[in-house]
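Spelled out from the first residue to the last, the chains are:
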Amino acid sequence: MQITLEQVSPKEYEGNVVFLYGNEVADRNLPLTKKEIEYLKERRSADAYSIVAFDRMPYHLFVVNFDAYTPANENLEKIRRSADKVVAMLKEVKQDSVGITGEGTIPEEVVAFLEGMMLADYSFDRYKSKTPAHVEHVVVDPVYLKQEELDRSLRLWNRIYWCREWVNLPVADLNAAGFASELEDIAKDLQVKCTVFDKKKIESLRMGGLLGVNKGSVDEPRFVVLEYHPADAINVKPVALVGKGVMYDTGGLNIKPDDYMREMKSDMAGAATMASVLFAAADNHLPVHLVALLPMTDNRPGFNAYAADDVLTMYDGTTVEVVNTDAEGRLILADAIAYAVANYSPELVIDAATLTGAAVRAVGTYGIVAMQQKAENPFNLLKIMGNQVYERIAELPFWNEYDELIKSDVADIKNCGIAQAGAITAGKFLAHFAKTTPYIHLDIAGVAFFSKKQEYYASGASGYGIRLLYSFLQTYEVTQNK
Ligand code: BES
Ligand code: ZN
Ligand code: ZN
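Keep in mind that this is a model prediction, so the values were computed, not measured. Throughout, a residue's number is its position along its own chain's written sequence, starting from 1. Written order determines the labels here, with chains lettered from A and ligands numbered from 1. Totals for whole chains, interfaces and linings use all residues, but because this is a predicted model, local features are given only for residues with pLDDT of at least 70 and pairs of side-chain atoms are given and counted only at 80 or more. With hydrogens and water excluded, all non-hydrogen atoms of the structure serve as input to the side-chain values.

### A word on the pattern of salt bridges
Line of reasoning, step 1. Salt bridge, as used here: a side-chain nitrogen of Lys or Arg that lies within 4 Å of a carboxyl oxygen of Asp or Glu. Evaluated as defined, the whole model comprises 24 salt bridges.
Line of reasoning, step 2. Between Arg 80 and Glu 77 there is a salt bridge whose closest N-O contact spans 2.7 Å. With Arg 80 and Glu 77 both in helix H2 (residues 72-92) and 3 residues apart, the pair spans about one turn of that helix.
Line of reasoning, step 3. The salt bridge partner of Arg 467 is Glu 115, with a shortest N-O separation of 3.0 Å. With Arg 467 in helix H14 (residues 466-474) and Glu 115 in helix H3 (residues 107-121), the pair connects residues that are 352 residues apart, well separated along the chain. Secondary structure elements follow DSSP: runs of H or I of four or more residues count as helices, runs of E of two or more count as strands, with numbering from the N terminus.

### Describing the coordination of the zinc ion (ligand 2)
Line of reasoning, step 1. The zinc ion (ligand 2) binds to the protein through Asp 249 (OD), Asp 326 (O), Asp 326 (OD) and Glu 328 (OE), with metal-donor distances spanning 2.0 to 2.2 Å.
Line of reasoning, step 2. Considering all 6 donor atoms around the zinc ion (ligand 2), angles at the metal cover 72 to 168° and the coordination shape is irregular.
Line of reasoning, step 3. Positions of the donor residues of the zinc ion (ligand 2), expressed as sequence spacing, correspond to D-x76-D-x1-E.
Line of reasoning, step 4. Because water is not among the atoms used, a metal site may look incomplete, as its donors are only the N, O and S atoms within 2.8 Å, or 3.2 Å for Na, K and Ca. If you look at the zinc ion (ligand 2) and the zinc ion (ligand 3), they sit 3.3 Å from each other and are both ligated by Asp 249. Taken as a pair, Asp 249 in strand S10 (residues 245-249) and Glu 328 in the loop between strand S13 (319-321) and helix H9 (329-344) lie far apart in primary sequence, 79 residues in all.
Line of reasoning, step 5. Only protein chains enter the accessibility calculation, which uses a 1.4 Å probe; a residue is then buried when its area is under 20% of its type maximum, exposed when over 50%, and partly exposed in between. Owing to a relative accessible area of 3%, Asp 249 belongs among the buried residues under this scheme. The geometry test gives tetrahedral to four donors whose angles all lie between 85 and 135 degrees, gives square planar to four donors and octahedral to six donors whose opposite members are over 155 degrees apart with all other angles between 65 and 115, and gives irregular to the rest.

### Description of the site of ligand 1
Line of reasoning, step 1. Not every one of the 15 residues close to ligand 1 is listed here, only the nearest: Asp 249, Lys 256, Asp 267, Asp 326 and Gly 357.
Line of reasoning, step 2. Two N or O atoms form a polar contact when they lie within 3.5 Å of each other; inside protein one atom must be a possible hydrogen donor and the other a possible acceptor, and for residues adjacent in sequence the pair counts only when both atoms belong to side chains. The contact in question runs from an oxygen atom of ligand 1 to an N or O atom on the side chain of Asp 326, over 2.8 Å.
Line of reasoning, step 3. Here ligand 1, which alone exposes 520 Å², has 75% of that area covered by the protein.
Line of reasoning, step 4. In this classification, the charged set is Asp, Glu, Lys and Arg, the nonpolar set is Ala, Val, Leu, Ile, Met, Phe, Trp, Tyr, Cys and Pro, and all remaining amino acids, among them Gly, are polar. Considered class by class, the residues forming the shell around ligand 1 number 4 nonpolar, 4 polar and 7 charged. Note on definitions. A residue lies near a molecule or strand when any single heavy atom of the residue is within 4 Å of it. Method for areas: the Shrake-Rupley scheme with a 1.4 Å probe, in which residue coverage is limited to the protein chains shown.

### Let's talk about the coordination of the zinc ion (ligand 3)
Under perfect tetrahedral coordination by four donors, a metal shows angles of 109.5 degrees; under perfect octahedral coordination by six donors, it shows angles of 90 or 180 degrees.
Line of reasoning, step 1. Protein coordination of the zinc ion (ligand 3) is provided by Lys 244 (NZ), Asp 249 (OD), Asp 267 (OD) and Glu 328 (OE), with donor distances spanning 2.0 to 2.4 Å.
Line of reasoning, step 2. One can describe the site at the zinc ion (ligand 3) as octahedral: its 6 donor atoms subtend angles covering 77 to 172° at the metal.
Line of reasoning, step 3. Mapping the donors of the zinc ion (ligand 3) onto the primary sequence gives the spacing K-x4-D-x17-D-x60-E.

### Re the domain arrangement of the chain
Line of reasoning, step 1. As far as domains go, the chain holds domain 1 (2-141) and domain 2 (169-479).
Line of reasoning, step 2. Computed from C-alpha atoms alone, the centre-to-centre distance between domain 1 and domain 2 is 37 Å.
Line of reasoning, step 3. The criterion used for residue contact is that any of the two residues' heavy atoms lie within 4.5 Å. At the junction of the two partners, domain 1 supplies 13 residues and domain 2 supplies 13 residues.
Line of reasoning, step 4. Summed over both sides, the interface of domain 1 with domain 2 buries roughly 1,300 Å², with 55% coming from carbon and sulfur.
Line of reasoning, step 5. The interface formed by domain 1 and domain 2 includes 3 salt bridges. In this entry, domain limits derive from an automatic or database-based domain assignment. Note: buried area is the sum, over both parts, of the accessible area (probe 1.4 Å) each one loses when the two are combined.

Right under this line is the structure:
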């Protein structure tokens, strides 16, 4: 989808038009008869967010209603959802271009509409013999935004696009080595330093979690470090972004039964999300010092696969009793978090991981399950930004009692607790490795990959969390006035 800035006046424009109608004074600019305006008003009063389509052969006029008095974040989200509907309506009438204008409309609303269109127009086409229809060309009236602002948004949306591509790719076409080298290629074109550790290096670092999970695989693991350190950074010590990169999760010897294995190509969404966030920050020169730590391997029951009862020694020396080989994400993340803390002294560690089915059961597919340790201020900012961009956060308790559930008889801790509070004990396991560093854990298991279409997300990878973390970093400065 291409977006260009050109004047769009609904009465003269030769093409399909979207008219964002937020405000009553807008009528006079609409190419509608009195009767049509009456009809429009009826529809508006019945449903403030209705979309009214007028057939203007060979084109269509879509009046996208909204209520400017709805709280801003909800209004913007409803506008994104309307954009999804308009994308579907355009495809229905086999049109691939549209001009966008409105009246009583502010730039944020236009950007939200464009964002909704961008997200909604995505589909994973790589294996389709015949490429599905897309909206090819969107023209936006330049009264709403400048080229530079549009470009900044486009760069962010491009990162979301690539995150979705990576997550949708099956492991047969994207293993740890392949993913690492893709990231290396992207970093070359940006002000980002990329270091890739191969198996030998990972062995020399004694990352027992990553190596343990990798034991059943024919594919080597990778550990990727991305660093973005702009000269004008507002923070001296970096923010560390840690992402779960399980390229495929079979469960290992505790193999996933029935169809529980399906969609587990998405188990590297955390790594894809964190790489995308760091790249977007670099694309748009955000003044924040960042480092991303991305452990990558698949989890398989082959060869000499690690087994329940094994004891692994992690990067920081902590010993871990393996109780279930399907709780693998926390093992590779533990090494990454410990490595971040020991080598970068970050002021904040955030991880993103498709970590637990328990998180999905807790809030479904409507938000991220999150926990924090010693990170109240940045966590509050993250919550606020979550509501703003509508990638929301549900906080779970992190009481000391939960620590008891992961104590082990044979090692320091074990990799899973009891059947209850599974998302929390997973978070507690990770928090052990953050030690005293402020730490935020994001369990994205419910939102990284949708089994069926949800609002403006097609089925498959969503890129959920990138807009959240990007907007968090954009406003990160407010946490610096300590
Ligand atoms: N990758 C899964 C979690 C998951 C489940 C992500 C569903 C997305 C959708 C993770 O590695 C896992 O298998 N977790 C286990 C942990 C258990 C063995 C303690 C789970 O949640 O069942
Ligand atoms: Zn698992
Ligand atoms: Zn997993």
